[in-house]
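Examination of the molecular architecture
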Amino acid sequence: MAEELTPETPEETEEQAIKQRKNGLYPGVSDELAENMKSGWADTELHDLAPIAQADKTAARRAALSARFPGERLVIPAGNLKTRSNDTEYAFRASTEYAYLTGDQTQDGVLVLEPTADGHEATIYLLPRSDRENGEFWLDGQGELWVGRRHSLTEAEQLLGIPAKDVRELADALKEATGPVRAVRGHDAGIEAALTDKVTAERDEELRVHLSEARLVKDAFEIAELEKACASTARGFEDVVKVLDKAEATSERYIEGTFFLRARVEGNDIGYGSICAAGPHATTLHWVRNDGDVRPGDLLLLDAGVETTELYTADITRTLPINGRYTEIQRKIYDAVYEAQEAGIAAVKPGAAYRDFHDAAQRVLTEKLVEWGLVEGPVERVLELGLQRRWTLHGTGHMLGMDVHDCAAARTEKYVDTTLEPGMCLTVEPGLYFQADDLTVPEEYRGIGVRIEDDILVTEDGNRNLSDALPRRAEEVEAWMAALKG
């Protein structure tokens, strides 16, 4: 990784327009070099750009937001880079609210909706192309020659369909603003500081909740993105099955890296930390250390999702026999979870209560636990007391979209206490987890964890499984694995 140019002394640093790294190998920039770097560059401005694919969708979303908060200034930041270590940063991912309303994903961007007599005027504040006069483009760590070209403000306007201005002027403008203001917090400390005397926690939370609830029903663009995410994720699972022998020779990290390659080639990233849990690690719900052994005869619980370039993620889980065949006890537990998932998926339909799919799946799992003698019935008693949760642990699903746990800030009455509508997308993911140290179950159960998860779209007449490219029945899983391994 290259080092940025650096002045030699603190005094020289203060004189520089661009702050640079300490302890660099160059003592500074000569006047002659600075002048030389200003000229001799071709004009690279892009013209006649077509709007992004979702420009009409983002415009409709902004219009709906405007109607909900008339007469109020609304401020939605993308967020800033976050330091990983010293002077290196994590890969940037724009805030969901900002990307949902603009289609833009650049760091430091801010969408502002200024109230007008008949609604709002939207402006997107962005970093313009890095300056060639003051040397920013080659001296600054975020300059064009270091991290790549940014769109000009004119280009951004053409792509996004929103007037664009320099974000470096926004904080001062917001300090002078009058009238009611709402902002999405937690992404841009500088913007929040500029608004500190103009916003309230209650008003800002109401904006965040509204933007979460606005995503409960997906439009056609979003559904297409989720379909794309599921298709890529299915290919990622196939990739993993093909290299299980290499994972056996190394660790769960090989599985993680294999899936990540598919996510980066076909999408933006993984939608969340991949859970590559082999053997008893499958009983840890969010096992993301992924540093354990991969052994023949054990199960692999793979919970992973590709995030598309437009930031929509899949969330799929399969529990696979590492050697390609389930043992008798593994098959028994797997089939119980499959039966529970079938009941849960069948309960997903328009007009049904959101909780119905969870209740249906939990009932099946509880019936199995009672049948196996692991908990004393009757089933109704177990469900009333929640005793099955020792082994089922988690809820049976959640909303899905730009966030893996999408719409999380929505009001309870609009989420878990609502009824399902066409366009909603949710996961159905029952599981059974028998901890390695659980002395209440027979030894043969201990260390086995099974989860099956699919992404289900509510349709006008029922539902559609967006992730049905991956088999779920035990015998189909075995046949699929055998075919992939040749």
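As annotated in an unreviewed UniProt entry, the chain carries the name Xaa-Pro aminopeptidase and comes from Streptomyces tanashiensis. UniProt lists a comment for the chain under the heading Cofactor (unreviewed entry), and it reads "Mn(2+)". In its Catalytic activity (unreviewed entry) section, the UniProt entry covering the chain states "Release of any N-terminal amino acid, including proline, that is linked to proline, even from a dipeptide or tripeptide."

What follows covers the overall build of the chain. The number of helices and strands found in the chain is 18 helices and 17 strands. Summarising its shape, the C-alpha atoms of the chain cover approximately 80 × 55 × 40 Å along the three principal directions. Counting only residues that meet the buried cut, the chain has 50% of its 486 residues in that class. Counted over contacts in the chain with a minimum sequence separation of 6, partners at least 24 positions apart contribute 68%.

Further remarks concern the pattern of salt bridges. Between side chains of opposite charge, a pair can form as their charged atoms come close. Going through the model one piece at a time under the given rule, you end up with 40 salt bridges. In this structure, the salt-bridge partner of Arg411 is Glu213, at a minimum N-O distance of 2.7 Å. Of the two residues, Arg411 is situated in the loop between helix H17 (389-392) and strand E13 (425-428) and Glu213 in helix H10 (residues 201-213); the sequence distance between them amounts to 198 residues. Of the residues examined, Arg411 reaches a relative accessible area of 39% and is grouped as partly exposed. Where Lys228 meets Glu225, a salt bridge forms, and the shortest distance between an N and an O atom there is 3.0 Å.

This brings us to the nonpolar core. Ranked by internal contacts, the top residues of the largest apolar core, which has 88 residues, are Leu65, Ile76, Ile255, Ile333, Trp372, Leu432 and Phe434. In this structure, Phe434 is in contact with Thr283, Ile333, Leu369, Trp372, Leu374, Trp391, Val441, Tyr445, Arg446, Gly447 and Ile448, ignoring residues within four places of it in sequence. If you look at the next biggest cluster of nonpolar residues, it comprises 16 residues, including Val348, Tyr354, Phe357 and Tyr415.

What follows is about the side chain of Arg150. Structurally, the position occupied by Arg150 is in the loop between helix H6 (144-147) and helix H7 (153-160). Separated by 3.3 Å, the side chain of Arg150 and the backbone oxygen of Gln142 make a polar contact. Setting aside anything within four residues of it in sequence, one finds Arg150 in contact with Leu127, Pro128, Arg129, Ser130, Glu136, Gln142 and Glu155.

Right, let's get into the sheet that holds strand E4 (residues 110-116). Sheet architecture is open: 5 strands sit in the order E6-E5-E4-E1-E7, paired in mixed fashion. With one partner strand each, in any of the chains shown, strand E6 (164-166) and strand E7 (181-183) form the two edges of the open sheet. Along the sheet, successive strands turn relative to each other by an average axial angle of 25°, direction set aside. Seen against the sheet, H7 touches strand E5 (119-126) and E6 and runs at an angle of roughly 150° to E6. Against the sheet, H10 touches strand E1 (73-77) and E7, its axis set at about 55° to E7.

This part covers the packing of helix H11 (residues 220-242) against helix H18 (residues 474-484). Direction vectors running N to C along H11 and H18 enclose 70°, while the axes themselves pass 9 Å from each other. As summarised for this structure, H11 and H18 are arranged roughly perpendicular, according to the angle between their axes. Between H11 and H18 lies a crossing of right-handed hand. On the side of H11, the interface is formed by Phe237, Glu238, Val241 and Lys242, while H18 contributes Trp480, Met481 and Leu484. In the contact of H11 with H18, the residues fall into 5 nonpolar, no polar and 2 charged.

What follows concerns the state of the cysteines. Applying the stated rule across the entire model yields 0 disulfides. There is no disulfide at Cys276, and the cysteine sulfur nearest it, in Cys230, is 18 Å away. In this model Cys425 remains outside any disulfide bridge; the closest cysteine sulfur is found in Cys230, 6.8 Å from its own.

As a further point, take H10. Here H10 contains 13 residues, and its C-alpha end-to-end distance of 18 Å stays within 8% of the 18 Å for a straight helix at 1.5 Å per residue. Among the residues of H10, those classed as buried are Asp204, Leu207, Val209, Leu211, Ser212 and Glu213. Where H10 is buried, its residues contact helix H3 (55-68), E1, helix H4 (96-102) and E7.

The next subject is the UniProt feature "domain: Aminopeptidase P N-terminal" (unreviewed entry) in the chain. The UniProt feature table records "domain: Aminopeptidase P N-terminal" (unreviewed entry) at residues 53-192. Secondary structure across residues 53-192 comprises 34% helix and 22% strand; the distance between its end C-alpha atoms is 31 Å.

Attention shifts here to the environment of Thr96. Residue placement: Thr96 occurs in helix H4. The class of Thr96 is buried, set by a relative accessible area of 6%. Separated by 17 residues in the primary sequence, Thr96 and Gly79 have C-alpha atoms spaced 10.0 Å apart. With residues near it in sequence (within four places) discarded, Thr96 still touches Arg215, Met402 and Asp403.

At a minimum axis distance of 7 Å, the contact between helix H14 (residues 328-346) and helix H15 (residues 356-371) shows a crossing angle of 155°. Classified by the interaxial angle, the pair formed by H14 and H15 is roughly antiparallel. For the crossing formed where H14 meets H15, the hand is right-handed. Taking contact as the criterion, the partners of Ala336, Val337, Glu339, Ala340, Ala343 and Gly344 in H14 are, on H15, Phe357, Ala360, Ala361, Val364, Leu365 and Lys368. By residue class, the composition of the contact of H14 with H15 is 9 nonpolar, 1 polar and 2 charged.

A separate point is H14. Helix length check: H14 (19 residues) gives 27 Å between terminal C-alpha atoms against 27 Å at 1.5 Å per residue, within 8%. Restricting attention to buried positions, one finds in H14 the residues Ile329, Gln330, Ile333, Tyr334, Ala336, Val337, Tyr338, Ala340, Gln341, Gly344 and Ile345.

As a further point, take unusual backbone geometry. Here Gly377 and Pro378 are connected by a cis peptide whose omega angle stands at 5°. In this fold, Pro378 is placed in the loop between H15 and helix H16 (379-385). The residue Leu311 is not glycine, and still its phi comes out positive at about 75°. Relative to the helices and strands, Leu311 is located in the loop between strand E11 (306-307) and strand E12 (316-321). Although it is not a glycine, Cys407 adopts a positive phi angle of roughly 60°. Mapping Cys407 onto the fold places it in the loop between H17 and E13. The class for Cys407 is buried, based on a relative accessible area of 0%.

The rules behind these values
- The numbers attached to residues start from 1 for each chain and follow its sequence in the written order.
- pLDDT decides what is reported in this predicted model: residues at 70 or higher carry local features, side-chain atom pairs at 80 or more are listed and counted, and totals for whole chains, interfaces and linings draw on all residues regardless.
- Each side-chain value is worked out from all heavy atoms of the structure, with water and hydrogens disregarded.
- UniProt positions are given in the numbering used here, feature names are shortened, and annotations may be inferred rather than shown by experiment.
- A helix here means a DSSP run of H or I that spans at least four residues, while a strand means a run of E at least two residues long, and both kinds are numbered starting from the N terminus.
- Summary of the burial criterion: residues with accessible area below 20% of their type's maximum are buried, those above 50% are exposed, and those between are partly exposed, where the area comes from a 1.4 Å probe applied to protein chains only.
- Whether two residues touch is decided by their heavy atoms; if any such pair falls within 4.5 Å, the residues are in contact.
- Whenever a carboxyl oxygen of Asp or Glu lies within 4 Å of a side-chain nitrogen of Lys or Arg, that contact is scored as a salt bridge.
- What we call a nonpolar core is a set of buried Ala, Val, Leu, Ile, Met, Phe, Trp, Tyr and Cys residues that are connected through their side-chain atoms within 4.5 Å.
- Within 3.5 Å is the distance limit for a polar contact, defined as a pair of N or O atoms, with the added protein rule that one can donate a hydrogen and the other accept it, and that residues adjacent in sequence qualify only through two side-chain atoms.
- Whether two strands pair depends on DSSP finding at least two bridges between them.
- Angles shown run from 0 to 180 degrees and are taken between the N-to-C directions of axes, each axis being a line fitted to C-alpha atoms and, for helices, limited to the stretch in contact.
- Note on terminology: angles under 35 degrees are roughly parallel, angles over 145 are roughly antiparallel, angles of 65 to 115 are roughly perpendicular, and the others are oblique.
- Should the near helix be turned anticlockwise from the far one by less than a right angle, the crossing is termed left-handed; should it be turned clockwise, right-handed.
- Basically, the charged four are Asp, Glu, Lys and Arg, the nonpolar ten are Ala, Val, Leu, Ile, Met, Phe, Trp, Tyr, Cys and Pro, and anything else, Gly included, counts as polar.
- Two cysteine sulfur atoms form a disulfide, by the criterion used here, when they sit within 2.5 Å.
- To estimate how far a helix should reach, multiply one less than its number of residues by 1.5 Å.

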